[in-house]
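So the chains spell out like this:
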Amino acid sequence: MSRWPEQPGGGHVLVPSHPWLRPAPRLPVAVQVPAAREDARCRRESATAFAVLGLLAALTVAVQLLAGPLAHRTTPLLLALSSAVAAGVVVRHGNRLDRRSRRPWRALALVAALLVCGQLVSVIDPGGAHAQSIWAHVPQVLAVPLAVASCLSLLSRRTGRRPGVRELLDGAVVLVALVLVGSLVLSDAVAGRRGPVDTLLAVGYPVSGALLCGVALVAVSRVPRVRRRSAVWLLVTMVALVVVAIAGALANVLGDAASGVLTVVAWSGMLAAAVRAVDDDPGQPVTGAGEFAVPALLAVVLGHLTSYGVAGVVVALLSAGHAFTLLEQVLVVLLVLLMSVRGLLWAADDARLTRRLVQTEAYFRALAASAEDVTVVLDDDGRVHWVSGAVHSQLGWSERELTGRRLADLVDADDRVVLEDVLRGSVPADPAALPPTVRMVTRGGDRRDVELSGAARAGVPGSALRTGLVLHLRDVTAHRSSQRELERMAWTDYLTGLPNRARFLAALEDARGRAAEGRSSCVLLVDLDGFKAVNDVAGHEAGDALLTQVADQLRTGAREQDLVARLGGDEFALLVPGGLQEATGLAERLVVSLDRPFRAPLPDGQGAGPRFAVSGSIGLAELDPAADVSATVRQADLALRAAKAAGKRCVRSSGEAVDAAVGRRTRLARDLPAAIAEGQLRVLYQPVVGVRDRRVLGLEALVRWEHPLLGTVPPDEFIPLAEEDGLIVPLQRWVLRVATEQAAVLLADGWDVQTGVNVSVRHLQAGCLAPDVAAVLAAAQLPADKLILEITESVLLDAHEGALGDLEALRGMGVVLSLDDFGRGWSSLAYLARLPVQILKMDREFVAGIDTDPRGRALVASVVELGRALGMDVVAEGVETEAQLAELQAMDCRYLQGYLFGRPMPFAELRALLASFDDSVLDVPEPSATKMDGDVHLVGRDG
């Protein structure tokens, strides 16, 4: 059973009655589960009730046939028990509905309760051997208005509509017909009856049953659609009640036994139908008047069947010579009048519906004729049965010429398979897919691209077609032409007319699929040598002319099966079906053809301009079906770089060394995120020594990667990968956290040293360096002046206001700033003066030849003097020999770092180094000694 979901206010959800016009209602899970359990419980209880009613009916029939005189007391008792069971089930199952929807079932339960009372009175006061007491009929008479109320309570009161004339006529027809049949059938039973009980039994009950059937039939006509099944079962209940009444009235005709058996069977059927009626009731929906716009056809059918059946009975009795009484004649005339009026109303309704149908058809014809598409109706043979729309402008035919033709005869032979798929309905209904298109021949012999859409086939739900198919046709010739032009532009380089990068990569994907089947292919990347000089000297127009010539040369030199494309700039590519040997031979021929001078045209087009030496370099790679196409392009690009490095004008293929380099770099880039998360990184420290203090004043934190398979990876290899992949900030945060925590441990142990950490310019550009440093200092409880941040010279290239502001904020916190690798890259003294740095660290390349190269010595001395003039401390990296130490001491360079004083070591070995540092290593003969005063700051990087 289905139920209407109740709203918090006691109402119901408004749901359209037609399932194809609305989505199925979806209740919350919390509502669905209890409702499902309630329905299952009701089904189990109903099944039990049906079994009990059947058992009691069988027992009652047996008592009726076998008990003799005891049957007059036992039969009413069993019928009362059956009625009580049905009343209890009706009340219990009706309580699952809302208050308003329970009304008909409470009334029906009262009817059953009154029937119980009547039967119990019959047991107490049987009224004689063959008749009931007058008091036994009082509850049954009172049950009639309750039964009428039960039927009328099914009707909705919120629509403001009452039963119409047609529904009342249907009910009146049934009422009059049943009364007439009762009069005809019960005429013998009425004869000889005396007293009010006999009259009630012979006349009153059949007439009351006929009245109830008429009212129930009106209820079926006017009840909401969702409750119509329940109303039909209620009508069955009333029909069974009529059978009970007629069976009691025919007792003196059929005999007590037959009449009793018929009464018991009809009584049990009546109770079972009542239980089924309440089970099928989903409740009264909140609905509009449109719910009742179309009356139930069942009421009309039952009314006509009843009247025709009665007419047959009347004809049969007339032929048998039956003499009709005045009442029977009046009933016959009344029935004929009612059927005549009902027929006239039916004819009026038919005329009204016909006019509406004609009007609707006119609307749809006008709609189809005014549409841009051509609408055709095909019969089962595929012939055009009806056509409407702009036929001549869209298809090049007139409506008369198309009608009767087979549509397949007008379609190009190559596209008839597409049309057949549409006619069979085998085209996939994918909303994202474009409608199928065929080429149709016009009367003049031209071909047009016609789009097929909107197919509606007979037999499909929602389709009114009995046979054939409806199609919408549209001429999309201009649209398809524009679409093909757009596709060509999307896949073609605008300058050279060659396929572009997108087309080339798509072809690579196809070739990879063929390579998996054993048909190998190769990729050639062609780069022009000398193209930049043409653009810079002769201008971009000359460069475009050169690219056009190169494209023509590549087309001419390539084979028919080869694909030549321009990837961008002066880079071209070829997809060559075949193996490496075949592709290498083609590449060598192309290199020879490209090695020729290029004469640039003059800007005014008069004469020839300067002459340029232009050639080409080619990188070659074989397509790997197991790898994606981008990997093959990278392999060819590496081979192209190798050709450039080999002196240009040559061909190189991707070899094992290139593959190994690419494989290692790819492996490192893939494993770096896991290295940070899984603790594969570690921090080493290298000491920085103060010459005048003769002790270790600082440590430089150096990060190392212990790869589980590749071993130790130097920072120069994985730091650039971290910067490219956006991992440098989390990596540096980790190094800062570890370095500050371990520096705090050394400070707590009494070692007054500063710790330097290298910072990438990418971290500074991210704008989060200052907050990150403040966070790690606070977490480690390390004084800010014990941390040195070492920034490379590349910060000078990005010394915008934001970066300078972050550096000023760090210095304001007390952090010491150091400019690392000074002199290695691009230096500017003007920018150097603006940076808030306190330490300069000379690149190790400066110190390497200081003891043998007078120019190097003079350069280092000038850097030391520069630092002194700017108020900065200078640290010399890469000190490895005593001769270098002597020269630096002679220049009064106060801070030194290098292998002479210690190699990078783990944190566990630092205490031993700090405790056992031998300052005698500083005692070397100095070429000259220069005393200088100043404060001690400090720090460092890998020396």
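Residues numbered from 1 in each chain as written. Predicted model: local features only at pLDDT ≥ 70, side-chain atom pairs only at ≥ 80, totals over all residues. Heavy atoms only, no water.

### As for the nonpolar core
(1) Moving on: If you look at the biggest cluster of nonpolar residues, it comprises 83 residues, and the most contacted ones within it are Val773, Leu789, Leu888 and Leu896.
(2) Moving on: Among the elements that make up this core, the one with the highest residue count is helix H24 (residues 728–748) (eleven residues).
(3) Moving on: With residues near it in sequence (within four places) discarded, Leu789 still touches Leu736, Val757, Val759, Val773, Leu810, Val815, Val816, Leu817 and Ser818.
(4) Moving on: Judged by nonpolar contacts, the second largest core, of 44 residues, contains Ala219, Ala231, Val244 and Ala266. (Core = buried A, V, L, I, M, F, W, Y, C linked by side-chain atoms within 4.5 Å. Buried < 20%, exposed > 50% of the residue type's maximum accessible area, 1.4 Å probe, protein only. Helix = DSSP H or I, 4+ residues; strand = E, 2+ residues; numbered from the N terminus. Contact = heavy atoms within 4.5 Å.)

### Looking at the packing of aromatic side chains
Where two aromatic rings form a pair, the distance of their centres and the angle of their planes describe that pair.
(1) Moving on: According to the stated counting rule, one finds two aromatic pairs in the structure shown.
(2) Moving on: Aromatic side chains Trp705 and Phe718 sit 5.8 Å apart centroid to centroid with 85° between the ring planes, which places their arrangement in the edge-to-face category. Of the two residues, Trp705 is situated in strand S13 (residues 695–707) and Phe718 in helix H23 (residues 715–724); the sequence distance between them amounts to 13 residues.
(3) Moving on: A relative accessible area of 0% means that Phe718 is categorised as buried. (Phe/Tyr/Trp six-rings, centres within 6.5 Å; stacked < 30°, edge-to-face > 60°.)

### Focus: the environment of Asn758
(1) Moving on: Mapped onto the elements of the fold, Asn758 is located in strand S15 (residues 754–759).
(2) Moving on: On the accessibility criterion, Asn758 (16% relative accessible area) is buried.
(3) Moving on: For the pair Asn758 and Asp820, spaced 62 residues apart in sequence, the C-alpha separation works out to 8.2 Å.
(4) Moving on: A polar contact is formed between the side chain of Asn758 and the side chain of Glu700, at a distance of 3.0 Å. (Polar contact = N/O pair within 3.5 Å; in protein donor to acceptor, adjacent residues only side chain to side chain.)

### Side note on the confidence of the model for the protein chain
The predicted coordinates of low-pLDDT regions are not to be read in fine detail.
(1) Moving on: Confidence in the prediction for the protein chain averages 77 pLDDT; 76% of positions are at 70 or higher.
(2) Moving on: Low confidence marks residues 191–195, where pLDDT is under 50. Its contacts with residues over four positions away, or in another chain, come to seven contacts.
(3) Moving on: Scored below 50 in pLDDT, residues 288–295 makes 16 contacts in the model with residues more than four places away or belonging to other chains. (pLDDT = per-residue confidence, 0-100.)

### Digging into the side chain of Asp562
(1) Moving on: Within the secondary structure layout, Asp562 lies in the loop between helix H19 (540–557) and strand S7 (563–568).
(2) Moving on: One polar contact links Asp562 to Arg559, side chain to side chain, over a distance of 2.9 Å.
(3) Moving on: Those residues within four positions of Asp562 in sequence are excluded, and the remaining contacts are Leu575, Val576, Pro577 and Leu586.

### Quick look at helix H18 (residues 531–538)
Spacing of three or four residues puts side chains on the same side of an α-helix, whose turn is 3.6 residues.
(1) Moving on: Looking only at H18, the buried set comprises Phe531, Val534 and Asn535. Down the axis of H18, the buried side of the element spans an arc of 95°, and every buried residue falls inside it. Facing away from the buried surface of H18 by more than 90 degrees, the exposed residues are Lys532, Asp536 and Val537.
(2) Moving on: In the segment just after H18, Gly539 is the residue with positive phi, at about 100°. (Arc of directions from axis to C-beta.)

### Examining the pattern of salt bridges
(1) Moving on: In the structure shown here, the tally under the stated rule is 35 salt bridges.
(2) Moving on: The salt bridge involving Glu790 is made with Lys841; its shortest N-O contact spans 3.3 Å. Remark: Lys841 occurs in strand S18 (residues 839–842) and Glu790 occurs in strand S16 (residues 787–792); sequence separation between them is 51 residues. For the pair Glu790 and Lys841, one class covers both residues: buried.
(3) Moving on: The salt bridge involving Glu865 is made with Arg868; its shortest N-O contact spans 2.5 Å. With a gap of three residues between them, Glu865 and Arg868 both fall in helix H30 (residues 854–870), about one helical turn apart.
(4) Moving on: What makes Arg868 partly exposed here is its relative accessible area of 27%.
(5) Moving on: One salt-bridge network, held together by shared partners, links Asp412, Asp414, Asp415, Arg439 and Arg447. (Salt bridge = Lys/Arg side-chain N within 4 Å of Asp/Glu carboxyl O.)

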